[in-house]
Amino acid sequence: MPARPHSGQVLARLERPTATDPTRLGVLSDVHLATDATGTWKVFHRTERRLRAAVDAVNDRDYDGVVIAGDLTRNGNPDEFRLFDELAGFDPPAVAVPGNHDFPTAFDEHDSLPIGTFEDRYTPGGLPFHVRFGGLDVFGLNSHAATPDAPAETWDGRIDAAQLMWLDEALSESASAADTSIVVVHHNLPATGALYERYSAELPVEGSVPGFSNPEPLVDLLVSHDVSLVITGHLHFPALERADGITELTVPAVSSFPHALVELAVDERGTVVRLIPLTDSDGMVESIAHGLEKDRVLLSAAQLATLPLVDDFA
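Just so we're clear, the structure is a prediction, and the values are computed from it rather than from any experiment. In this convention, every chain numbers its residues from 1, walking through the sequence in written order. The predicted nature of this model means local features are confined to residues of pLDDT at least 70 and side-chain atom pairs, given and counted, to a pLDDT of 80 or more, with totals for whole chains, interfaces and linings taken over all residues. Calculation of side-chain values draws on the structure's entire complement of heavy atoms; hydrogens and water are dropped beforehand.

Moving on: the environment of Asp71. On the secondary structure map, Asp71 appears in the loop between β3 (65-68) and α2 (78-87). A 1.4 Å probe rolled over the protein chains alone gives each residue an accessible area, and that area as a share of the maximum for its type sets the label: buried under 20%, exposed over 50%, partly exposed in between. Exposure remark for Asp71: the relative accessible area of 1% places this residue in the buried category. When the C-alpha positions of Asp71 and Leu28 are compared, they lie 9.9 Å apart, and in sequence the two are 43 residues distant. We call two residues in contact whenever any of their non-hydrogen atoms come within 4.5 Å of each other. When neighbours within four sequence positions are excluded, Asp71 is seen to be in contact with Asp30, Val31, His32, Pro98, Gly99, Asn100, His101, Asp102 and His186. Numbering of helices and strands runs from the N terminus; a helix is a DSSP stretch of H or I covering at least four residues, while a strand is a stretch of E covering at least two.

Given below as structure tokens:
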């Protein structure tokens, strides 16, 4: 944990979303909370410490809500979720969407938390969901390929037709304008995937990262409703990409470098996005040592060298 509260580094300044009632959200992703693992670029033996730091950082600030963009746990087993619930004492109301590690898969041999239990604990009424924090409407989607009746055969993301229909109706019926709507989903949209591919062509890469198997219908729907912001996780590095009229904010990981959450400060002028670190210099050095040859650790370093990533206020 940093020695003193950190005011944050400006990641981006955006003309949207806006909010008549000033609203502040804490957004985090990829906690990968582990109960018995150590090492790797995700620094599993520090995930409990990093989650505690995230809770402290949130509770030290006057946030209207907390959004978790997936991968709460290392493998989605019940013990990891029990520890998450023990540690995640956020003062503001918190919601979460699942990541590719949170739900059952056919190729992992371990107990998994049932989908319905995840919904009961972390969503307002199930997946997908709509919740209002301050002056913002947040819509959460499930991009995991598992169903209550069958584990996923892949870590690739997917949004089924039922969710698309729900989102179309929910966005149409929302009392707010498009400028106040945020959609949260774990897997990344094509523009951020393309950014990763461009970077990784020059970096050591261990293999492709699971992406969306069917992004086009979701992208078309987001464009048709002029959604102000899409929040994703999954890739562990901070990014702000614009394509097809969509602005996608990819949130860095809690578990791996740069160990951070993101703050959204939204008012009638627009949104200031700040990166809030969750460890000190010694923690950063340890993290880099564990992940120096990992593509996404290097990507994070490259992105941090160019902040702010977008500045609509300039």
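That was the structure; now back to the text.
Once that is clear, we can look at the pairing of strand β8 (residues 229-232). Here β8 shows a buried face lined by Leu229 and Ile231 and a second buried face lined by Val230 and Thr232. When DSSP finds two or more bridges between a pair of strands, those strands are recorded as paired. For strand β7 (residues 181-184) and β8, the ladder comprises 3 bridges, and the chain directions are parallel. What sits directly across from Val183, in β8, is Val230. With 3 bridges connecting them, β8 and strand β10 (residues 246-250) associate as parallel partners. Counted as the bridge partner of Val230 is Glu248 from β10.

With that settled, consider the sheet that holds strand β1 (residues 9-14). Read across the sheet, 7 strands follow the order β4-β3-β2-β11-β12-β1-β13 without closing on themselves; strand pairing throughout is mixed. The strands lining the two open edges of the sheet, one partner per strand, are β4 (94-96) and β13 (310-311). Pairing of strand β2 (residues 23-28) with β3, which is carried by 4 bridges, proceeds in the parallel orientation. Its bridge partner being in β3, Leu28 is matched across the sheet by Ile68.

Another point: the pattern of salt bridges. A pairing counts as a salt bridge when a side-chain nitrogen of Lys or Arg comes within 4 Å of a carboxyl oxygen of Asp or Glu. Summed over all chains, the structure comprises 14 salt bridges. The salt bridge partner of Arg13 is Asp311, with a shortest N-O separation of 3.0 Å. Placement of Arg13 in strand β1 and of Asp311 in strand β13 is noted, with a sequence separation of 298 residues between them. Look at Asp311 and you get partly exposed, because its relative accessible area is 29%. A salt bridge links Arg16 to Asp226, with the shortest nitrogen-to-oxygen separation between them at 3.2 Å. Residue Arg16 is found in the loop between β1 and β2, and its partner Asp226 is found in the loop between α6 (215-224) and β8; the two are separated by 210 residues along the sequence. Asp226 gets classed as partly exposed once you look at its relative accessible area, which sits at 39%. Connected through shared salt-bridge partners, Arg16, Asp179 and Asp226 make up one network.

A separate point is helix α4 (residues 161-173). Its 13 residues give α4 an end-to-end C-alpha distance of 18 Å, which sits within 8% of 18 Å, the value for a rise of 1.5 Å per residue. Along α4, the residues that are buried comprise Gln163, Leu164, Leu167, Ala170 and Leu171. Buried positions in α4, seen along its axis, are confined to an arc of 135° and lie on one side of it. Turned more than 90 degrees from where α4 packs its buried face, Ala161, Ala162, Met165 and Glu173 sit exposed. Against β6 (136-140), β7 and α6 lie the buried residues of α4. In this analysis, the expected span of each helix is defined as 1.5 Å times one less than the number of residues it contains. The arc in question is formed by the directions pointing from the helix axis toward the C-beta atoms.

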